[in-house]
Amino acid sequence: MLEIVQVPILGDNYAYLLHEPQQGTTAAVDPGEAAPLLAAAEARGWGIDLILLTHHHADHIAGVAGIREATGAAVVAPLADLGRIENVDIAVADGETVHLGATHAAVLETPGHTSGHVAYWFMADDALFAGDTLFALGCGRLFEGTAEQMWESLSRLRALPDETRVFCGHEYTAGNARFARALDPENAALAARVETIARLVEAKQPTVPSLLGEEKTTNPFLRADDPDLAARLGLAGQPAAAVFAEIRRRKDVA
Ligand code: ZN
Ligand code: FE
């Protein structure tokens with residue numbers, strides 16, 4: 001089973017170390033800084049063999065050069081971002097497989113936040129590295145994509161099993177929770193989850209990972225095709241992408 005170490009960096013980013021114990025292979029996911037990941041690996045006696053990147057934003061890739069230089073790790077990045085990320089060794093596209101020792105991840109293209117964004121799904125380990133596409137109770141801003149694209153991307157992630165752990169790129173959950181509660185005040189599952197989140201934040205504990213099953217019932221950005229939520233927003237009968245666009249717009253100005 002994959003050992004996953006969550007490494008807080010840069011204020012509110014999460015990078016990750018993934019260690020596959022059978023072959024002793026380790027990957028770093030979205031290293032926006034090098035030093036904290038190198039230190040976390042060294043503390044456990046691990047090297048870093050692979051670097052998995054979800055998208056080209058600096059807060060996810062700025063540590064690549066430092067880790068590559070220190071460890072010789074191979075860099076895996078979205079094919080669509082080849083012109084925007086340096087030092088890529090393995091360019092990946094939708095449906096391809098990335099091997100990490102005895103386990104592997106499926107590459108899922110999830111455009112919307114950026115046009116080249118990918119997520120890495122380790123099916124056997126119930127772990128999804130979602131970058132800035134899906135957050136706990138939220139989703140990424142639409143910097144390079146349309147609402148239709150992002151809704152399609154989120155719908156693909158939503159189709160994964162409930163027991164999937166969602167490892168996202170940022171600790172944005174407290175703000176997302178406030179927004180979600182105001183938007184969807186009668187959702188009892190959401191109300192209960194917001195209380196749990198408040199306790200974690202109070203105790204200065206991470207709220208990530210979450211379970212995809214709980215995102216499905218509580219994350220408003222995954223519920224744009226729920227008729228009750230659409231009606232609440234005055235959008236009864238509208239296509240899900242239009243409802244999603246309105247939820248995203250409200251969050252952007254919240
Ligand atoms: Zn980003
Ligand atoms: Fe980011």
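What you see is a predicted model; the values in this text were computed from it and never measured. (Residues numbered from 1 in each chain as written. Chains lettered and ligands numbered in written order. Predicted model: local features only at pLDDT ≥ 70, side-chain atom pairs only at ≥ 80, totals over all residues. Heavy atoms only, no water.)

Novice: Sorry, what's going on with the coordination of the zinc ion (ligand 1) here?
Specialist: Reference values for angles at a metal are 109.5 degrees in the four-donor tetrahedral case and 90 or 180 degrees in the six-donor octahedral case. Within the protein, His55 (NE2), His57 (ND1), His113 (NE2) and Asp132 (OD) serve as the donor atoms for the zinc ion (ligand 1), at 2.2 to 2.3 Å. Of note is the zinc ion (ligand 1), whose four donor atoms meet at the metal with angles of 89 to 172° in an arrangement that counts as irregular. Donor residues binding the zinc ion (ligand 1) come from one chain and are separated in sequence as H-x1-H-x55-H-x18-D. The metal-metal distance between the zinc ion (ligand 1) and the iron ion (ligand 2) comes to 3.1 Å, with aspartate 132 coordinating both. Each member of the pair, histidine 55 as well as histidine 57, is classed as buried. (Donors = N, O, S within 2.8 Å, 3.2 Å for Na, K, Ca; no water. Tetrahedral: all angles 85-135°; square planar, octahedral: opposite > 155°, others 65-115°. Buried < 20%, exposed > 50% of the residue type's maximum accessible area, 1.4 Å probe, protein only.)

Novice: What exactly am I supposed to notice about the packing of aromatic side chains here?
Specialist: Each aromatic ring pair is specified by the distance between its two centres and by the angle formed by the two planes. The tally for this structure, following the rule as stated, stands at nine aromatic pairs. Centroid distance tyrosine 16 to phenylalanine 167: 5.3 Å. Interplanar angle 80°. Geometry classified as edge-to-face. Here the residue tyrosine 16 occupies a position in strand S2 (residues 13–20), and phenylalanine 167 occupies one in strand S13 (residues 165–168), the gap between them amounting to 151 residues. Across this residue pair, the class does not change: tyrosine 16 and phenylalanine 167 are buried. Among the aromatic residues, ring-to-ring pairing joins Tyr14, Tyr16, Phe122, Phe129 and Phe167 into one connected group. Taking the ring centre of tryptophan 46 as reference, the NZ or CZ of arginine 44 above it sits at 5.8 Å. (Phe/Tyr/Trp six-rings, centres within 6.5 Å; stacked < 30°, edge-to-face > 60°. Helix = DSSP H or I, 4+ residues; strand = E, 2+ residues; numbered from the N terminus. Lys NZ or Arg CZ within 6 Å of the ring centre and 35° of its normal.)

The values are spatial; any link to function lies outside them.
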